[in-house]
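Chain residues, written in single-letter form:
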Amino acid sequence: MALYHVRMDVKIPDDLDPDRRTEIVTREKEYSQFLQRHGTWRHLWRIVGQYSNISVFDVESAEELHEILWNLPLFPYMQLEILPLTRHSSAVADDTGRRIVESAPH
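**Q** Please provide a residue-by-residue account of the overall build of the protein chain, values included.
**A** Counting its secondary structure elements, the protein chain contains two helices and four strands. In the protein chain, the order of α-helices and β-strands from amino to carboxyl end is β-α-β-β-α-β. Scored against the burial criterion, the 106 residues of the protein chain give a buried share of 29%. Sequence separation of at least 24 residues holds for 66% of the intrachain contacts in the protein chain that already meet a minimum separation of 6. For the protein chain, the exposed surface amounts to about 7,700 Å²; the carbon and sulfur share of it is 55%.

Here it is, written out as structure tokens:
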């Protein structure tokens, strides 16, 4: 398992046919919700005031993430920033959000 933070900034051209735009956005939503239901797209957060999001993906490899991103219908209109993540030694929760039970420091 590998976690990746992905920022997606979407810039659809203003002159794209409105029907084509609707079709692409609809397929994007269906694909992203499929990945969310299967636990691959763990978090999806809108950046306020922008056509952008911050997402966390849970994948087996960078190659799997690459394949997922390339298959996003909006991919041709995205600028991506990808950061691999690992658990911080000072974190009080594991990567699932569950609290870690341990004894207090001495």
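**Q** I'd like a rundown of the nonpolar core, residues and numbers included.
**A** Residues Val6, Met8, Phe57, Leu65, Leu69 and Leu74 are the most contacted members of the largest nonpolar core, which totals 18 residues. Only strand S1 (2–10), helix H1 (18–37), strand S3 (52–59) and helix H2 (62–70) provide two or more residues apiece to this core. For this core, the element with the highest residue contribution is S1, accounting for four residues. With residues up to four places along the chain from it excluded, the contact list for Val6 reads Asn53, Ile54, Ser55, Phe57, Leu65, Leu69, Leu80, Glu81 and Ile82.

**Q** Explain the pairing of strand S2 (residues 41–46) to me, and be specific about the residues and the numbers.
**A** Across five bridges, the pairing between S2 and S3 is antiparallel. Of the residues in S3, the one forming a bridge with His43 is Val56. Hairpin connection of S2 to S3: five residues between the antiparallel strands, including Gly49 at a positive phi of 80°.

**Q** Give a description of the pattern of salt bridges that names residues and reports values.
**A** Applying the stated criterion across every chain, the model contains four salt bridges. Note that Arg20 is salt-bridged to Glu23, the shortest N-O span being 2.4 Å. Linking Arg20 with Glu23, this pair stays in helix H1, spanning three residues, or about one helical turn. For Arg20, a relative accessible area of 39% corresponds to the partly exposed category. A salt bridge links Arg42 to Asp58; its shortest N-O distance comes to 2.8 Å. Residue Arg42 is found in strand S2, and its partner Asp58 is found in strand S3; the two are separated by 16 residues along the sequence. In this structure Arg42 comes out as partly exposed when scored by relative accessible area, which is 27%. Residues joined in a network through salt bridges with shared partners are Arg20, Glu23 and Arg27.

Thresholds, definitions, all that
Residues numbered from 1 in each chain as written. Predicted model: local features only at pLDDT ≥ 70, side-chain atom pairs only at ≥ 80, totals over all residues. Heavy atoms only, no water. Helix = DSSP H or I, 4+ residues; strand = E, 2+ residues; numbered from the N terminus. Buried < 20%, exposed > 50% of the residue type's maximum accessible area, 1.4 Å probe, protein only. Contact = heavy atoms within 4.5 Å. Areas by Shrake-Rupley, 256 points an atom, 1.4 Å probe, with all protein chains shown as cover. Core = buried A, V, L, I, M, F, W, Y, C linked by side-chain atoms within 4.5 Å. Pairing = 2+ DSSP bridges. Salt bridge = Lys/Arg side-chain N within 4 Å of Asp/Glu carboxyl O.

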